[in-house]
Amino acid sequence: MWIEDLKDHIGEVVTVKGWVFNRRSSGKVRFIILRDGTGFSQVVLVKGIVSEEGFNLSHNIPYEAQIEVNGRIKEESRAIGGVEIEALDLKIVFLPHEEYPISTKSHGIDFLLSHRHLWLRSRRQFAIMRIRNEIIKAARDFFYERKFINIDSPILTPTSCEGTTTLFEVNYFDEKAYLSQSGQLYLEPAAAALGKVFCFGPAFRAEKSKTRRHLTEFWAIEPEVAFMDYKGAEELASSLIVYMIERVLENRQQELEILERDVDALKRIKLPFPVISYEEAIGLLNKKGNGTKYGEDFGGDEETLLSESFDRPLIIEKYPKSIKPFYMKEDTENPELVLNFDIIAPEGYGEIVGGSQREDDYDKLLENIKEHGIEMDTVDWYLDIRKYGSFVHSGFGLGLERTVAWISGIHHVREAIPYPRTLGRLYP
Ligand code: 4AD
Ligand code: MG
């Protein structure tokens, strides 16, 4: 039986397989914390109740030995999971070859990252991965409930979506190819084919910045919707975020507890989210003593400062066209601006969503492509959506790891992905 199912079988005698996570002993009673991947459970070995052989085997049993325990499930409100196993018998299935390198004492972050494949077994990482899973499932459910179609964008691409400075180049036979920075450009034509679409896949950026928010490989959830303007996309993104938080609060209480997450901060995340313009954001920053000038983009410090004034995610819209990608729709009321938005998470987690209405005018788009110095033969296919029945549409990308880090309340995105890739780390 799996540990997560024990609570539904109180009183029964069951067999549980797992690894020795921790142990202690006090005279005639020994305790083993067993983990099986679905949870952690205390096994109590009382001399006289457990078989003599089992009791003897449990003496100094090494960490991460794989064992099999036969025992009775007992209600125990103080124990993790609300139950414990009173052992009747214990068998060792596999003994470790060497002492397990990760102990309960604290290790440096480099050591832990180098042992990421083992570090995943810790309670903290167990909790984070389960929250990540919940958020992914919530996102998929959210879009399927709204009748979106999942379209997988390619990873090997000839084009750049988010600027050429962060491209990973690979050899594609006799051509140059790049790892995708975003599925967006491929999702836009798919919206013309299928109306409401989303992709969920890895995105690659050769980020030279070593911050708590940057990975070189991260996962993005990106919807694209026909006949939706940027305001509609702001609402869609806000609803998605609220939906993900509700799901985590509902289904991942134990994990939030393990991470000691302040759940009240999450419960405050309700619709609608505050919206300010880029210009207002500059004003707010200047008032707080930050010297960002109109026309400059925000970095992590600015995002943190801005988010401090709000207890919900903050939507900042209409940035200067000069600092944004070629595909964003020009604001007809002020051609210096684009109809875009970013969503900044509270508590200093930074930008979790970037989105916009797309430039639907063929000539404007052509102009933008030339201005950005993009090679025409890499995007001529993309221009076809403007040539053949253009349409108003919008979309956004939500960065999964930043969202997981925020909702979990962990400091750095490197713990929000199973195997983080960062500047200077490709291993394991
Ligand atoms: O704001 P970005 O660059 O937007 C796009 O890629 C658009 N093409 C999305 C779209 O409209 N379909 O990236 C989207 C989100 C960011 O808001 C951020 O949360 C996350 O992706 N992100 C990163 N996360 C971790 N590490 C990085 N290096 C990231 N770069 C972006
Ligand atoms: Mg962005």
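The text that follows walks through the structure, step by step, so that each part is easy to find. Computed from a predicted structure; not experimentally measured.

Let us now look at the state of the cysteines. The tally for this structure, following the rule as stated, stands at zero disulfides. C199 supplies the cysteine sulfur nearest to C161, a cysteine that is in no disulfide, at a spacing of 9.9 Å.

Along the chain, L271 connects to P272 via a cis peptide bond; the corresponding omega equals -5°. Look at K318: it is not a glycine, yet its phi comes out positive at around 60°. The topology assignment puts K318 in the loop between β13 (314-317) and β14 (330-331).

Here we take up the site of ligand 1. In the vicinity of ligand 1 lie 22 residues, with E162, Q184, R205, E222 and E351 positioned nearest. Between ligand 1 and E162 there is a distance of 2.7 Å, counted from a nitrogen atom to a side-chain nitrogen or oxygen. Between ligand 1 and I352, the relevant distance is 3.1 Å, taken from an oxygen atom to a main-chain nitrogen or oxygen of the residue. For ligand 1, whose free accessible area comes to 630 Å², the fraction covered by protein is 93%.

The interhelical angle for the contact between helix α11 (residues 362-371) and helix α12 (residues 376-387), taken along N-to-C directions, is 165°, at an axis separation of 10 Å. What the angle tells us is that α11 and α12 run roughly antiparallel. Here α11 and α12 pass one another in a crossing that is right-handed. Between α11 and α12, the residues in contact are Y362, L365, L366, I369 and K370 and M376, V379, Y382, L383, R386 and K387, respectively. Tallied by class, the residues present in the contact of α11 with α12 amount to eight nonpolar, no polar and three charged.

Turning to the sheet that holds strand β2 (residues 29-35), a few remarks are in order. Pairing within the closed barrel is mixed, and its five strands lie in the order β1-β2-β3-β5-β4. Within this sheet the neighbouring strands show an average axis-to-axis angle of 55°, counted without direction. Here strand β1 (residues 13-26) runs beside strand β4 (residues 66-75); their pairing, made up of seven bridges, is antiparallel. Its bridge partner being in β4, V14 is matched across the sheet by G71.

Right, let's talk about the side chain of S277 for a bit. Here S277 is to be found in strand β12 (residues 275-277). Contacts of S277, omitting those with residues within four sequence positions, involve I316 and E317.

With that settled, consider the pattern of salt bridges. Within the structure shown, the criterion is met by 29 salt bridges. Measuring nitrogen to oxygen at the nearest pair gives 3.3 Å for the salt bridge that ties K137 to D141. On the criterion of helical spacing, the pair formed by K137 and D141 is a turn pair, its members being four residues apart in helix α4 (residues 123-145). Salt bridges here are not isolated pairs; linked through shared partners, they connect E4, R130, E134, R252 and E255.

Conventions used here
Residues numbered from 1 in each chain as written. Chains lettered and ligands numbered in written order. Predicted model: local features only at pLDDT ≥ 70, side-chain atom pairs only at ≥ 80, totals over all residues. Heavy atoms only, no water. Disulfide = S-S within 2.5 Å. Helix = DSSP H or I, 4+ residues; strand = E, 2+ residues; numbered from the N terminus. Near = heavy atom within 4 Å. Polar contact = N/O pair within 3.5 Å; in protein donor to acceptor, adjacent residues only side chain to side chain. Areas by Shrake-Rupley, 256 points an atom, 1.4 Å probe, with all protein chains shown as cover. Axes fitted to C-alpha atoms, helices over the stretch in contact; angles between N-to-C directions. Parallel < 35°, antiparallel > 145°, perpendicular 65-115°, else oblique. Left-handed = near helix turned anticlockwise from the far one by under 90°. Contact = heavy atoms within 4.5 Å. Nonpolar A, V, L, I, M, F, W, Y, C, P; charged D, E, K, R; others polar. Pairing = 2+ DSSP bridges. Salt bridge = Lys/Arg side-chain N within 4 Å of Asp/Glu carboxyl O.

Spatial relationships are all this shows, so hold off on functional conclusions.
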